[in-house]
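If you want the building blocks of each chain, they are given just below.
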Amino acid sequence: MNENNLTWERIRPWLLWLGVPLIAGILLAAFVPQPVIGVIRLDDAIYSYSARDMIAQIEYAAENPEVRAVVLALDSPGGTVVDTEAVYMELAKLRAKKPVVAAVNGMAASGAYYLSVGADYIYAKPSSLVGNIGVISYLPPSPFIFEEIISSGPYKLWGASRDEDMRQVDKIKDAFYEAVKLGRGDRLLASPETVVSGKIWLGSEAVRLGLADAVGAESDALDKAAQLAGVANYKTADLRELAGIASPYYFPFFIESPQGVRTPYPVEPGVYMLFIPPLPPQQ
Amino acid sequence: MKKYMIWIALAALLLPALARGIWFYRGLPPQQREIATPDYQSFAASQPPISTPLAAEKVKPAGGVVLFDMAHANQFQPSEAQSLEEQIVRRGGSVETLLDASLLGQKLKYVSAYVVVSPSAAFTDEEIRLIEQFVERGGRLLVFTDATRGTVYYDWWNETITNFSDAALVNPLLAPHGIAVNNDYLYNVVENEGNYRNVFFDQFGKNELTFGLKRVAFYGTHSVKTEDGKVLLGGSASNLSSTDDAHHPDAGGAALSADGGVLVFGDFTFLSAPYRSVADNAALISNIADFALGGKREISLLNFPYVFSKPLVQVYPAEGMKLTAETIAALGGLQDALRVINVELRVTDKAPRAGDVLVLGVFEDAEKLEDFLAPFELELSEDEKTIALKKFGEVGRAGNGLLLFERSKDGNTLVLLADSQEDLLALISTLGGGSLSGSSEESAEEPPAEETPEGEAAPETQAAPAG
């Protein structure tokens, strides 16, 4: 038995009992996934197509375990009531499983704020626009009849009386306020009258009123989501890509002027949770 | 040895995964949570408080004409005022509309009340003067503004929307009466009638207009304030003005002028269905109808030709006065003017003791007309150059005429006196023109009618020289 054979005899058990398991362990460790903080971006109004995209991303986040938390990055004036409610309800289901943190970029107004109160924590930039809690509806005309159009009931053509329509709007507003109360809980410092006034606040003011939790950037929201999910050294992913959603479908939600300038007015009459800012004067 | 190696192998196998796990994960994933969302089914649309029907209400017949202004691009449909019109008709009154602003002066001569609803065209200084005179003489002015009926202008160039409020257009009309409509709207997010802009009023200024009211609801109302009058409808501290988001106890939904002749509302929508029957709105509308017909008009020469109370006017020329062809022609013109209001002239040669009378004469006949002229204390100078009326002083006779008007329970008397037959013709022709506005009309301040011991109103007299 020469010297070389003696050395190999000494190393072999270590290779067998340490090296091989270590290599196997390293390979095995690769199956421990790096946690993902998914980002859902809303940079548009909330309407049928944008809501459908958001819901697909929410479902992806709910079904895939590597997505440990979600950041909702908002820059939206709101949109239709029914699409806002649809996203809000799906968001509530996701939040039952995984933390959701909202990051308000430019604006989370009206319906977009409705979505943000469905998050565990809300960050806003100091000058983000937050709030505008309420509902807008176009009242139908007082019912009348046409000679050339026959309908089966007095409200078939109009849907409801003006008075009923007005009361429906307040009913929707009450539900909106309830969502704010439930979402914010004890953190809500503003009085009910202030909340439903329809005002839009700067992010810093929204924090003071308890409508948002902290002034912070999107990275702060990612860190907060990771903290709530109990993860570190996470990676972020745009859930739109992960969910395999094609590029946003162009939908003419807002009226465009003949010069191609998008106005803040929706194309169709309806019931909206929407902030309609004044137009800038033209030179 | 072998047992020791097994532990090392196991550790080597698990350690990388454990290290990676610790690197990425800090504890167990959050537990499944219950997330509360609104119980949407529990939210119900609010229902308005409906008032008790007023079917058994007894109304006092009053009569009179209520004039609705539609000559200032008023933003309402007549059907919206139906509830008020029904109550006016129920009290024996009637409703007319003013479509031509140039007829305002004529119409105000006989109507009991003038109603202005949300105008979008300005009143001229002359119209404001006429309306002020109308109120001074016992007419009632009702002004309804509405915060939802401003005129919206869309500037296509700048793409901006501007709302011109009706408040600015009625305030010049209301300024002489110490009332102003604020360019705001009242809102209440705490307690409202279905929407923040529908506010309740439950604090009432003491007046017949608020009799029987416990709570009324207005639908998009301006606030109304008054300097020396009375705010009739006040609300809770949570009724706020859009101007400064503050409650103003000195401004409310309606105000009455100090003299009780001008009633102003910040809302008009409460008159229309279905809001007319919400809370005590129906009772308020009923009270408004009483107010509109409840004025005590002072009939004066300014009201000509509406100065007669009966369908027949007896024309009495002074004894010995000849009715020439020119005089009859002039009377024909006067008859035409009076026929419009269904009044007939009939010449008589006997001095009438009752009924409406038109007396014609020249100054020389003054003694013959002593019975008619006595209330005016007319004095003719001996040199036949001047005439003196106690309330006007002395004026020259030549070229001047007198219109002397007396009201009494038995009938109204209008005396036309002039220096000559020609001047008298001119005076009759002026009257036949249907208006006295072309003459140098002056009216005397009359003392209030005194009650006689028998309880009858003393006759009211008025005189005006016409040059």
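Residues numbered from 1 in each chain as written. Chains lettered and ligands numbered in written order. Predicted model: local features only at pLDDT ≥ 70, side-chain atom pairs only at ≥ 80, totals over all residues.

*Asks:* If you had to explain the overall build of chain A to someone new, which residues and values would you point to?
*Replies:* Per the secondary structure count, chain A includes nine helices and 13 strands. Relative to a compact globule of 283 residues, whose C-alpha radius of gyration would be 19 Å, chain A shows 26 Å and is clearly more extended. Taken along its principal axes, the extent of the C-alpha atoms in chain A is 115 × 45 × 45 Å. The buried share among the 283 residues of chain A stands at 42%. Look at the contacts in chain A between residues 6 or more apart in sequence, and 72% of them connect residues 24 or more apart. (Helix = DSSP H or I, 4+ residues; strand = E, 2+ residues; numbered from the N terminus. Rg over C-alpha atoms; globule rule 2.2 N^0.38 Å. Buried ≥ 20, exposed ≤ 12 C-beta atoms within 10 Å, placed from the backbone. Contact = placed C-beta atoms within 7 Å.)

*Asks:* Got a sec to walk through the sheet that holds strand 3 (residues 78-80) of chain A? Specific residues and values, please.
*Replies:* All names here are of chain A. In space, the three strands of this open sheet follow the order 3-13-7, with antiparallel pairing throughout. Bordering the open sheet on either side are strand 3 and strand 7 (136-137), each of which pairs with just one other strand. For strand 3 and strand 13 (residues 271-274), the ladder comprises three bridges, and the chain directions are antiparallel. Within the sheet, the bridge partner assigned to G78 lies in strand 13 and is L274. Against the sheet, helix 3 (residues 81-97) makes contact with strand 3 and strand 13, and its axis sits at roughly 110° relative to strand 3, the strand it touches most. (Pairing = 2+ DSSP bridges. Axes fitted to C-alpha atoms, helices over the stretch in contact; angles between N-to-C directions.)

*Asks:* So what's going on with the nonpolar core? Which residues, and what values?
*Replies:* In terms of nonpolar packing, the biggest core is built from 155 residues, with A:V71, A:L72, A:V130 and B:V264 touching the most fellow members. It is strand 4 (residues 100-109) of chain A that contributes the most residues to this core, eight residues altogether. Among the nonpolar cores identified, the runner-up in size contains 39 residues, and B:L301, B:L360, B:V362 and B:L417 belong to it. (Core = buried A, V, L, I, M, F, W, Y, C linked by C-beta atoms within 7 Å.)

*Asks:* Any details on the sheet that holds strand 16 (residues 251-252) of chain B? Residues and values, ideally.
*Replies:* Residue and element names in this part refer to chain B. Spatially, 7-12-16 is the arrangement adopted by the three strands of the open sheet, whose pairing is antiparallel. Only two strands of the sheet have a single partner each, and these edge strands are strand 7 (179-181) and strand 16. Sheet topology note: the strand 7/strand 12 (residues 224-226) ladder contains three bridges and is antiparallel. Bridge pairing links I179 to T226 in strand 12.

*Asks:* Lay out the interface of chain B and chain A in plain terms, naming residues and giving numbers.
*Replies:* Each side of the interface is counted separately: chain B has 40 residues, and chain A has 44 residues. Broken down by element, the residue count for the side of chain B that touches chain A peaks at 13 residues, all from helix 1 (residues 2-24) of chain B.

*Asks:* Could you give an account of the packing of helix 7 (residues 325-339) of chain B against helix 9 (residues 421-432) of chain B, naming the residues involved and the relevant values?
*Replies:* All names here are of chain B. As a packed pair, helix 7 and helix 9 sit with axes 8 Å apart at the nearest point and diverge in direction by 20°. Comparing the axis directions of helix 7 and helix 9 gives the class roughly parallel. Considering only the axes of helix 7 and helix 9, their crossing is left-handed. Residue-level contacts link E326, T327, A330, L331, G333, L334, D336 and A337 of helix 7 to L425, I428, S429, L431 and G432 of helix 9. (Parallel < 35°, antiparallel > 145°, perpendicular 65-115°, else oblique. Left-handed = near helix turned anticlockwise from the far one by under 90°.)

*Asks:* Give a description of the packing of helix 2 (residues 82-90) of chain B against helix 6 (residues 281-293) of chain B that names residues and reports values.
*Replies:* All names here are of chain B. Between helix 2 and helix 6, whose axes approach to 9 Å, the crossing angle comes to 55°. Here helix 2 lies oblique to helix 6, going by the angle between them. Between helix 2 and helix 6 lies a crossing whose hand is right-handed. For the pair formed by helix 2 and helix 6, the contact residues are S83, L84, Q87 and I88 on the first element and I285, S286, I288, A289, A292 and L293 on the second. Per-class residue counts for the contact of helix 2 with helix 6 are seven nonpolar, three polar and no charged. (Nonpolar A, V, L, I, M, F, W, Y, C, P; charged D, E, K, R; others polar.)

*Asks:* Please provide a residue-by-residue account of helix 6 of chain B, values included.
*Replies:* Residue and element names in this part refer to chain B. Compared with the 18 Å implied by 1.5 Å per residue over 13 residues, the 19 Å span of helix 6 between its first and last C-alpha is a close match. Regarding helix 6, the residues found buried are N281, A282, L284, I285, S286, N287, I288, A289, A292 and L293. At its buried positions, helix 6 is contacted by strand 1 (65-69), helix 2, strand 3 (113-117), strand 4 (140-144) and strand 11 (216-219). (Expected span 1.5 Å × (residues − 1).)

*Asks:* Go over the domain arrangement of chain B with me, naming the residues and quoting the values.
*Replies:* In terms of domains, chain B is made up of domain 1 (65-293) and domain 2 (301-444 + 456-466). The centre of domain 1 of chain B, based on its C-alpha atoms, is set 41 Å off from the matching centre of domain 2 of chain B. (Domains from an automatic or database assignment.)

*Asks:* Now, about the environment of B:A329: what can you tell me, with residues and values included?
*Replies:* The topology assignment puts B:A329 in helix 7. Put simply, B:A329 and B:L425 are 96 residues apart on the chain and 9.2 Å apart in space, counted from C-alpha to C-alpha.

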